[in-house]
Amino acid sequence: HRVRLIVTFGCLEEASAEVAASIERARRDRYAMALPPWAILDGTTHVAAGELAAARAAVDALPSHEWGTVTENNMMRMLVLSEVAVRTDDRKLLQQLMNEAHELSSSTSPLVSCGAAYLVALVAWHRGDVHEAVRWLGGQNTRVITPLWLNVFEQLILMSRVASAAGDAGLRARVLQSIDVLERERPGTPLFAAVALHSRGILERDPDALLEAANVLRTWRPLLYAGAAEDAGGELARAERHPEAIEQLNAAFDTFTECEAVADARRVGRALRKL
């Protein structure tokens, strides 16, 4: 639980060191039940650091029978892998995860069904199907901010983008409720404040807010930073501030490339070519 908290607060080096030590200890003591949750934390920490290949290797290190099926550990595993698959354009892995998610979406476990809905919506969004993303994110069990999720910031940003693109008032209201949670404490946590600003910038189509969010996120999470820079570039281009737009899109392209997020880099490349 402590590692979950320090990952959420952005202390990735500390989290990585503790995860590595705990995995070594679990293997030494033959404590098999501890390995799946530590593998999830290992994968999540790598995703947060922009290390997609390492994230997949961390999760794939355990054989499939260790994860179960309708379990929270398995859903967390799927969420780590879905982030890797959409960003690296691994279509075979993505289809496998989609098939599993559809089967688990009717689970009586809110955590499992909620995670499955998010995964299907994520894939729909990356395939350009906004209507399908809205349908899955609009379910009663689909929450945004919850301390159980290690990818809570990615979920909030996705829902912000979908709500903005679809003009969906219900999704927008839920995003704003979650932003209020992140901004509740004064003074707040810098990472929380930056993610909240990013989400507001998406909803309000505010290029300056998105620029500010990107500048803060640069020191915290490379993939979140690149996403904010991409969003800023898109809004700057819409405002015909083309030199600034190109600068932000170039920064997003470079960061996505460094993280081996080839699908994201291609998308940004297409935006750059238009300018």
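Residues numbered from 1 in each chain as written. Predicted model: local features only at pLDDT ≥ 70, side-chain atom pairs only at ≥ 80, totals over all residues. Heavy atoms only, no water.

Undergrad: Describe the overall build of the chain, and please don't skip the residues or the numbers.
TA: Looking only at helices and strands, the chain features 15 helices and 0 strands. What you see for the chain is a C-alpha radius of gyration of 18 Å, in line with the 19 Å of a compact globule of 275 residues. Dimensions of the chain, computed from C-alpha atoms along their principal axes, come out at roughly 60 × 40 × 35 Å. Pairs at least 24 apart in sequence give 61% of the contacts found in the chain among residues at least 6 apart. Only carbon and sulfur atoms are counted for the fraction: they give 51% of the accessible area of the chain, which is about 13,100 Å². With 30 positive and 36 negative side-chain charges, the chain shows a separation of 3 Å between the mean positions of the two kinds. (Helix = DSSP H or I, 4+ residues; strand = E, 2+ residues; numbered from the N terminus. Rg over C-alpha atoms; globule rule 2.2 N^0.38 Å. Contact = heavy atoms within 4.5 Å. Areas by Shrake-Rupley, 256 points an atom, 1.4 Å probe, with all protein chains shown as cover. Lys, Arg positive; Asp, Glu negative; His and termini not counted. Charge placed at Lys NZ, Arg CZ, Asp CG, Glu CD.)

Undergrad: Tell me what's going on with helix 3 (residues 35-48), and back it up with residues and numbers.
TA: When the terminal C-alpha atoms of helix 3 are compared, their 20 Å separation across 14 residues agrees well with the 20 Å that a helix rising 1.5 Å per residue should span. By the criterion of burial, helix 3 is predominantly enclosed, with 13 of the 14 residues buried. Looking one or two residues past helix 3, glycine 50 carries a phi angle of roughly 80 degrees, positive in sign. (Expected span 1.5 Å × (residues − 1). Buried < 20%, exposed > 50% of the residue type's maximum accessible area, 1.4 Å probe, protein only.)

Undergrad: I'd love a proper account of the nonpolar core, names of residues and values included.
TA: Nonpolar side chains in soluble globular proteins tend to end up buried together. Counting 95 residues, the largest nonpolar core has Met75, Trp149, Phe153, Val195, Leu217 and Phe256 as its most contacted members. Ranked by residue count, the leading element in this core is helix 7 (residues 110-126), at 12 residues. (Core = buried A, V, L, I, M, F, W, Y, C linked by side-chain atoms within 4.5 Å.)

Undergrad: Could you give me a rundown of the layout of surface pockets, with the residues and numbers involved?
TA: A volume near 1,200 Å³ is recorded for the largest pocket. In this structure, the largest pocket is lined by 41 residues; those nearest its centre are Trp125, Arg161, Glu230, Asp231 and Arg267. Here the lining of the largest pocket takes 9 residues from helix 13 (residues 222-238), the largest share from any one element. Split by residue class, the lining of the largest pocket holds 19 nonpolar, 6 polar and 16 charged. (1 Å grid on protein atoms, 1.4 Å probe; cavity = no way out; pocket = protein on both sides within 12 Å on 5 of 7 lines; lining within 4 Å. Points joined across faces, edges and corners; volume = space filled by probe spheres on them. Nonpolar A, V, L, I, M, F, W, Y, C, P; charged D, E, K, R; others polar.)

Undergrad: Can you lay out the packing of helix 7 against helix 8 (residues 130-137) for me, pointing to particular residues and giving the numbers?
TA: Closest axis-to-axis distance for the helix 7/helix 8 pair is 8 Å, and the angle between their directions is 165 degrees. Accordingly, the angle class assigned to the pair helix 7 and helix 8 is roughly antiparallel. For the pair helix 7 and helix 8, the sense of crossing is left-handed. Residues Ala117, Val120, Ala121, Ala124 and Trp125 of helix 7 lie in contact with helix 8, whose contacting residues are Val130, Glu132, Ala133, Trp136 and Leu137. Counted by class, the contact of helix 7 with helix 8 contains 9 nonpolar, no polar and 1 charged residues. (Axes fitted to C-alpha atoms, helices over the stretch in contact; angles between N-to-C directions. Parallel < 35°, antiparallel > 145°, perpendicular 65-115°, else oblique. Left-handed = near helix turned anticlockwise from the far one by under 90°.)

Undergrad: Could you give an account of the pattern of salt bridges, with specific residues and numbers?
TA: Summed over the entire model, instances satisfying the criterion amount to 21 salt bridges. Glutamate 83 is paired through a salt bridge with arginine 87; the nearest N and O atoms lie 2.8 Å apart. One end of the pair is glutamate 83 and the other is arginine 87, both in helix 5 (residues 72-88) and 4 residues apart, which spans about a single turn. Look at arginine 87 and you get buried, because its relative accessible area is 12%. For arginine 267, the salt bridge identified is with aspartate 264, shortest N-O distance 2.8 Å. One end of the pair, arginine 267, and the other, aspartate 264, are both in helix 15 (residues 262-274), 3 residues apart, so they sit about a helical turn from each other. Note on arginine 267: relative accessible area 28%, which makes it partly exposed. Judged by its relative accessible area of 1%, aspartate 264 falls in the buried class. (Salt bridge = Lys/Arg side-chain N within 4 Å of Asp/Glu carboxyl O.)

Undergrad: Which residues make up the environment of valine 216, and what are the values?
TA: Examined against the element boundaries, valine 216 turns out to sit in helix 12 (residues 207-217). Note: C-alpha distance between valine 216 and leucine 197 (19 residues apart in sequence) is 9.9 Å. Every residue in contact with valine 216, bar those within four places of it in the chain, is listed here: Pro190 and Ala194.

Undergrad: Help me get a handle on empty space enclosed by the protein, residues and values and all.
TA: Considering all chains together, one arrives at 2 cavities of 30 Å³ or more under this definition. The volume enclosed by the largest cavity comes to roughly 130 Å³. Lining the largest cavity we find Ile40, Thr44, Val47, Ala48, Met76, Leu79, Val80, Glu83, Leu150, Asn151, Glu154 and Arg221. Among the elements of the structure, helix 3 and helix 5 are those that each provide at least two residues to the lining of the largest cavity. Classifying every residue of the lining of the largest cavity gives 7 nonpolar, 2 polar and 3 charged.

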